[in-house]
Amino acid sequence: MAKLDELQLKQNIKSNDISNAYLFYGEEGYLKQFYVNKLKQKLVDPAFESFNLHLFEGNDTTIDDILKDAQMLPMMSEYSLVIVRDFPNDRLQYDVKALVEYFKEINDLCVLVFWYDAVEPNEKSESFKKLIKAFDEAGAVVQMKKRSESDVAKLLVSAAQKRGATLDSSNARYLISVAGNDIKTLLNEIDKLSYFVGGGEITKAIIDDMAVKCLQAKIYDLSKHVVAGNTDSAYGVLDTLFAAKEDPLIILSTIIGVYVDMYRVKCAKSAGGNYNDVGKYFNYKGREFALRNASRDCAELTEKQLRSSLDVISQADIKMKSTAVDKKLLLEELIIKLVLIARERYNA
């Protein structure tokens, strides 16, 4: 089967074109779990699950135990299923050889799944490259990449419809900008919003009232107030983040990301382009909304102001990571500096 994309994997499972070995990895955690569950539903009869389903987790896993179960014959079923979640990276260099040997005389009645979920493999390491090659030759390798914003929006529209609600594509995109681009989180939001509206429409106002904002969306709110020179509102958002016990380092990291987005978009506009051009050179797949937000928020700032803002943010980052300064106080000081830089535009 070799390397598959998500659509090919979906079609193969549907048509019973099942491989004896799968390697799932990549950015999109929800999709990896979704297809592992699809294989489980397809291959394992619940009545014989205790005989035919073998689960292994992370550091508690040894290659000998995995291959021992992979050699077992299924009971009252066409296949047994062995699922290995987050096999330790540091053991790959020793254990890939054992997998390669197993694949030479693979048990045709077993489906072996290696699934990287909470732990991401080091894709540049020689041992992981050997693992990919082994699964590539014996079965299928599927890298679950982030879906584009357009694809996720279509998924949300369909999910709302299945739950008896209505969601148009523009509000689906808006929900992504509010709740983030994690599919599992978004589907949980669709569950909640669909239940609230019954058979009605999920509107922008309902999303504003009920959807849980991700940290990045809150930082967008913060940046809007900063750019407008509205210190009180900016501090209000910051206080909300502190009350939610958000890590100051994570807050600062997200602020950095937002200002980098604005600077990239501003430079693109200065060169005669637009925010979409930035996506051609940097990876914004699945979070295209970040560029739209950056285009909006940077409109009232000059390149010089954005460079000055990035300078003070960089200084705050260095100070936060290298000194014992009160991190909350440092963020409050940073907001003041950013507001003062933004006000140069209004006071000119």
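See the structure printed just above.
Residues numbered from 1 in each chain as written. Predicted model: local features only at pLDDT ≥ 70, side-chain atom pairs only at ≥ 80, totals over all residues. Heavy atoms only, no water.

Undergrad: How would you explain helix α15 (residues 289-297) if you had to name every residue and give the values?
TA: For α15, the tally of buried residues reaches seven of nine residues, placing the bulk of the element in the interior. Along α15, the residues that are buried comprise Phe-289, Ala-290, Leu-291, Asn-293, Ala-294, Ser-295 and Asp-297. Among the structural elements, α7 (149-162), α8 (169-179), α11 (215-227), α13 (248-270) and α14 (275-281) are those in contact with the buried residues of α15. (Buried < 20%, exposed > 50% of the residue type's maximum accessible area, 1.4 Å probe, protein only. Helix = DSSP H or I, 4+ residues; strand = E, 2+ residues; numbered from the N terminus. Contact = heavy atoms within 4.5 Å.)

Undergrad: Please provide a residue-by-residue account of the pattern of salt bridges, values included.
TA: For the structure on display, the rule yields 20 salt bridges. The partner of Lys-129 in a salt bridge is Glu-126, and the shortest N-O contact between them spans 3.8 Å. Of this pair, Lys-129 and Glu-126 both sit in helix α6 (residues 126-138), three residues apart, roughly one helical turn. A relative accessible area of 42% places Lys-129 in the partly exposed class. Classification of Glu-126 as exposed rests on a relative accessible area of 53%. (Salt bridge = Lys/Arg side-chain N within 4 Å of Asp/Glu carboxyl O.)

Undergrad: Any details on the layout of surface pockets? Residues and values, ideally.
TA: For the largest pocket, the calculated volume is near 530 Å³. Lining the largest pocket are 19 residues, and of these Lys-10, Phe-34, Tyr-35, Leu-155 and Lys-162 sit closest to its centre. Elements with a minimum of two residues in the lining of the largest pocket: α1 (6-14), α2 (29-43) and α7. Residues of the lining of the largest pocket, tallied by class, amount to nine nonpolar, two polar and eight charged. (1 Å grid on protein atoms, 1.4 Å probe; cavity = no way out; pocket = protein on both sides within 12 Å on 5 of 7 lines; lining within 4 Å. Points joined across faces, edges and corners; volume = space filled by probe spheres on them. Nonpolar A, V, L, I, M, F, W, Y, C, P; charged D, E, K, R; others polar.)

Undergrad: Please give an account of helix α9 (residues 183-197) that cites residues and values.
TA: In an α-helix, one turn spans 3.6 residues; hence positions three or four apart end up facing the same way. With 15 residues, α9 extends 21 Å between its outermost C-alpha atoms, agreeing within 8% with the 21 Å of an ideal straight helix rising 1.5 Å per residue. For α9, the set of buried residues is Ile-183, Leu-186, Leu-187, Glu-189, Ile-190, Leu-193, Ser-194 and Val-197. End-on, the buried residues of α9 take up no more than an arc of 155 degrees, which puts them together on one face. For α9, the exposed residues set more than 90 degrees away from the buried face come down to Tyr-195 and Phe-196. (Expected span 1.5 Å × (residues − 1). Arc of directions from axis to C-beta.)

So far we have only geometry, and geometry alone does not tell us how the molecule works.
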